[in-house]
Amino acid sequence: MALGGVLLLADLARGSLDAARGICWAAIGAALVAVLRPVRVTAGADWLAARGLLREHRVRTDLLIQVRRADGIAPRLVLRDVGGNRVELDPGVLAANPLLWHQLETGAHRARERGLLREGAVAMAALAERIDGEGARAVLRASGLEPGERPARG
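Residues numbered from 1 in each chain as written. Predicted model: local features only at pLDDT ≥ 70, side-chain atom pairs only at ≥ 80, totals over all residues. Heavy atoms only, no water.

A. Region of the structure containing the pattern of salt bridges. Under the counting rule described, the total for this entry stands at 7 salt bridges. Of the charged contacts, one joins R21 and D11 as a salt bridge, the two residues approaching to 2.6 Å between their closest N and O atoms. Of this pair, R21 sits in helix α2 (residues 19-36) while D11 sits in helix α1 (residues 2-14); the two residues are 10 residues apart in sequence, bridging distant segments of the chain. Take R21: its relative accessible area is 33%, and that puts it in the partly exposed class. (Salt bridge = Lys/Arg side-chain N within 4 Å of Asp/Glu carboxyl O. Helix = DSSP H or I, 4+ residues; strand = E, 2+ residues; numbered from the N terminus. Buried < 20%, exposed > 50% of the residue type's maximum accessible area, 1.4 Å probe, protein only.)

Below, the structure is given as structure tokens:
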């Protein structure tokens, strides 16, 4: 929205602003906000939700029937539950927030135990490996013991 305001002010300063151009600049600013606003992902006991610009999508993680990875320009993780609910999210969100990952992994484990989650073991294992690996590297980096380095002896 700020970019739209700056463009509007620049057009005003140039002396070429009229009603039609003002509406266009406001529309461009609103479109940028809609496109660039990140999805907000939240989780709780047995649920995960992704809130976009207009609505929230929620799945029951303990009732998941499908977890798949959709690769493309932006990789997505697609979750479906028995009620037909669907959530798409960036796997990087889970990697950046271990608590969200824990909620999803715990619910998916319950769904697997119940025999509901039949499609998604490979996607979940790959994601777990990535997230756990990044977490381990972060701990090693924070402690000064990055892979390939030897601790200094005193």
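From this point on, the discussion continues.
B. Representation of the sheet that holds strand β1 (residues 40-44). Strand order in this open sheet of 3 strands is β1-β2-β3, and the pairing throughout is antiparallel. Only two strands of the sheet have a single neighbouring strand rather than two, namely β1 and β3 (56-59). Neighbour to neighbour, the strand axes of the sheet diverge by 15° on average, direction disregarded. Note: strand β2 (residues 47-51) against β3, 4 bridges, orientation antiparallel. From the neighbouring strand, L48 faces β3, where its bridge partner is V59. Helix-sheet contacts for helix α4 (residues 98-113) involve β1 and β2, and the interaxial angle to β1 is about 55°. (Pairing = 2+ DSSP bridges. Axes fitted to C-alpha atoms, helices over the stretch in contact; angles between N-to-C directions. Contact = heavy atoms within 4.5 Å.)

C. A look at a nonpolar patch on the surface. A cluster of nonpolar side chains, namely L8, L9, L12 and L17, defines an oily patch on the protein surface of about 340 Å² accessible area. Mapping L9 onto the fold places it in helix α1. (Patch = residues over 30% accessible without salt bridge, like charges linked within 9 Å, V, L, I, M, F, W, Y side chains within 5 Å. Areas by Shrake-Rupley, 256 points an atom, 1.4 Å probe, with all protein chains shown as cover.)

D. A look at the environment of D90. Secondary-structure assignment places D90 in the loop between β6 (86-89) and α3 (91-96). Note: C-alpha distance between D90 and V41 (49 residues apart in sequence) is 9.5 Å.

E. Focus on the packing of aromatic side chains. Enumeration over the complete set of coordinates arrives at 0 aromatic pairs. Between R58 and the ring centre of W47, over which it is positioned, the NZ or CZ distance is 4.1 Å. (Phe/Tyr/Trp six-rings, centres within 6.5 Å; stacked < 30°, edge-to-face > 60°. Lys NZ or Arg CZ within 6 Å of the ring centre and 35° of its normal.)

F. Summary view of unusual backbone geometry. The backbone of D46 shows a phi angle near 70°, a positive value even though the residue is not glycine. Relative to the elements of secondary structure, D46 occurs in the loop between β1 and β2.

G. Molecular detail of the environment of R76. Along the polypeptide, R76 turns up in strand β5 (residues 76-81). For the pair formed by R76 and G92, sequence separation is 16 residues and the distance between their alpha carbons is 9.0 Å. Every residue in contact with R76, bar those within four places of it in the chain, is listed here: R68, R69, A70, E88, L89, D90 and P91.

H. Seen up close, the sheet that holds β6. The 3 strands are arranged β4-β5-β6 in an open sheet whose pairing can be described as antiparallel. Every other strand in the sheet has two partners, leaving β4 (64-70) and β6 as the edge strands with one partner each. Mean inter-strand twist for the sheet, computed between neighbouring axes without regard to direction, equals 15°. Of the strand pairs in this sheet, β5 and β6 are connected by 4 bridges, and their pairing is antiparallel. Among the inter-strand pairings, L79 is bridged to a residue of β6, identified as V87.

Remember that the coordinates give geometry; whether it matters functionally is a separate question.
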